[in-house]
Amino acid sequence: PAECAAALRRAGRTRAQALAIINTQIAVAIKMLRKAAADLTRGRRTQATSDLFLKIFRVRPGFVPKWLKTTSNIRDRGDVVRVRCKRVADLLASGRIQFFCQITTANCPECRGPDRPGRFACSSFGKLRVICLGLGFWDDMRAGNVTSMVSTLMHEPFHIYFGREVTEHPSRSRPNPGKFGGVNCILQFIFEANRRTAPPRVVQACSGTNVRKELEFEFE
C-alpha cells in the first residue's frame with residue numbers, strides 16, 4: 001500500500017530490509033521477555049533480581065498486596081510480572097499479530113489522533129491483534145536505533161494481551177495506574193534484567209509514575 005511505500009522511504013530501507021530488521025528485533029524482544037520471566041520464577045530469584053525489582057517497582061518480588069487474589073501460578077508481585085512477560089513473549093512468537101505501516105483508525109480502530117513524528121506505535125487494548133507502526137518507529141529504523149525499536153515492539157503487545165485495565169498509561173480516567181498498572185516499569189525491568197539500558201523515554205515514564213498508596217509504606 002501507499003502508506004508502506006511512504007514508511008519505507010522515511011526509513012530509507014527496502015521492503016526486504018525493513019522486514020528483516022523487524023523480525024530480528026521481535027526475536028530479540030522474545031528472548032528478553034523470556035529471560036526476565038525466568039529470572040522471576042519462584043525458587044530461581046537471585047538477590048540481584050530482587051534488588052532490581054525493588055529499585056523499579058518499590059517492592060520486592062515476594063510482596064503480596066492484601067487485595068491480590070492468589071492462584072497456584074500467581075502468588076506474589078514477582079509472579080504478576082513473570083506471567084505478563086511470558087504471555088507477551090508467547091504472543092509475539094505466535095505470529096498472530098498484524099502489523100501496519102501507519103497509525104490510522106482504519107488500521108487500528110482504537111488509535112486516536114494523527115500519526116506524527118515521535119509517535120512510535122499504537123495498538124489495541126485487548127480487542128484486536130493489530131499494531132500500527134508510527135513515524136517515530138520508521139525514524140528509529142533510519143537512525144539504526146535498535147533499542148528504541150525493540151522497546152516499541154515489546155510495548156504494544158502488553159496492551160493487546162492485557163487490555164486497558166492492566167497496562168494503560170496514566171490518563172484522565174486513571175491518573176495513577178501505579179508501577180504495575182502501566183507498561184513502562186515492566187519494560188525497564190526487562191531491559192535491565194537483560195543487562196541492557198532502556199530507552200530514556202521508558203525510564204522517564206517509569207520514574208514519573210507514582211507508587212500507589214497501598215505500597216508507599218509497605219516496602220522495605
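Definitions and limits used
Residues numbered from 1 in each chain as written. Predicted model: local features only at pLDDT ≥ 70, side-chain atom pairs only at ≥ 80, totals over all residues. Heavy atoms only, no water. Core = buried A, V, L, I, M, F, W, Y, C linked by side-chain atoms within 4.5 Å. Buried < 20%, exposed > 50% of the residue type's maximum accessible area, 1.4 Å probe, protein only. Helix = DSSP H or I, 4+ residues; strand = E, 2+ residues; numbered from the N terminus. Salt bridge = Lys/Arg side-chain N within 4 Å of Asp/Glu carboxyl O. 1 Å grid on protein atoms, 1.4 Å probe; cavity = no way out; pocket = protein on both sides within 12 Å on 5 of 7 lines; lining within 4 Å. Points joined across faces, edges and corners; volume = space filled by probe spheres on them. Nonpolar A, V, L, I, M, F, W, Y, C, P; charged D, E, K, R; others polar. Pairing = 2+ DSSP bridges. Axes fitted to C-alpha atoms, helices over the stretch in contact; angles between N-to-C directions. Parallel < 35°, antiparallel > 145°, perpendicular 65-115°, else oblique. Left-handed = near helix turned anticlockwise from the far one by under 90°. Contact = heavy atoms within 4.5 Å. Phe/Tyr/Trp six-rings, centres within 6.5 Å; stacked < 30°, edge-to-face > 60°.

A. Summary view of the nonpolar core. Leu 33, Phe 57, Val 81, Trp 138, Phe 158, Phe 189 and Ile 190 are the most contacted members of the largest nonpolar core, which has 53 residues in total. In terms of residue count, the dominant contributor to this core is helix α2 (residues 15-39) (nine residues).

B. Expanded view of the pattern of salt bridges. For the coordinates displayed, the defined rule picks out 10 salt bridges. The network of salt bridges with shared partners includes Arg 42, Arg 45, Asp 76, Asp 79 and Arg 82.

C. Quick look at the layout of surface pockets. Taken as a whole, the second largest pocket spans an internal volume of roughly 490 Å³. Residue lining of the second largest pocket: 20 residues in total, with Leu 19, Ile 22, Phe 99, Cys 101 and Leu 133 positioned closest to the centre. Looking at the lining of the second largest pocket, the elements with two or more residues in it are α1 (2-11), α2, α4 (77-94) and β1 (98-100). With six residues, the top contributor of residues to the lining of the second largest pocket is α2. Along the lines of polarity and charge, the residues of the lining of the second largest pocket split into 15 nonpolar, two polar and three charged.

D. Layout of the sheet that holds strand β3 (residues 130-133). Strand order in this open sheet of three strands is β1-β3-β2, and the pairing throughout is mixed. Either end of the sheet is taken by a strand with one partner, and the two such strands are β1 and β2 (121-122).

E. Examining the packing of α2 against α4 more closely. Interaxial distance between α2 and α4 falls to 8 Å at its minimum, and their mutual angle equals 155°. The angle between α2 and α4 places the two elements in the roughly antiparallel class. Crossing angle aside, the handedness with which α2 passes α4 is left-handed. Contacts between α2 and α4 involve Ile 26, Ala 29, Ile 30, Leu 33, Arg 34, Ala 36 and Ala 37 from the first element and Arg 82, Cys 85, Lys 86, Val 88, Ala 89, Asp 90, Leu 92 and Ala 93 from the second. Residues belonging to the contact of α2 with α4 are distributed by class as follows: 11 nonpolar, no polar and four charged.

F. Focus on the packing of aromatic side chains. All chains considered together, the criterion is met by seven aromatic pairs. Aromatic pair Phe 53 and Phe 189: ring centres 5.7 Å apart, planes at 80°, arrangement edge-to-face. Of this pair, Phe 53 sits in helix α3 (residues 47-57) while Phe 189 is found in helix α7 (residues 184-193), placing the two residues 136 residues apart along the sequence. Centroid distance Phe 57 to Phe 189: 6.1 Å. Interplanar angle 50°. Geometry classified as tilted.

G. Local environment of unusual backbone geometry. The backbone of Arg 58 shows a phi angle near 75°, a positive value even though the residue is not glycine. As for its placement among the helices and strands, Arg 58 is situated in the loop between α3 and α4. Judged by its relative accessible area of 32%, Arg 58 falls in the partly exposed class. With a phi angle near 55°, Arg 195 is a residue other than glycine that sits in the positive phi range.

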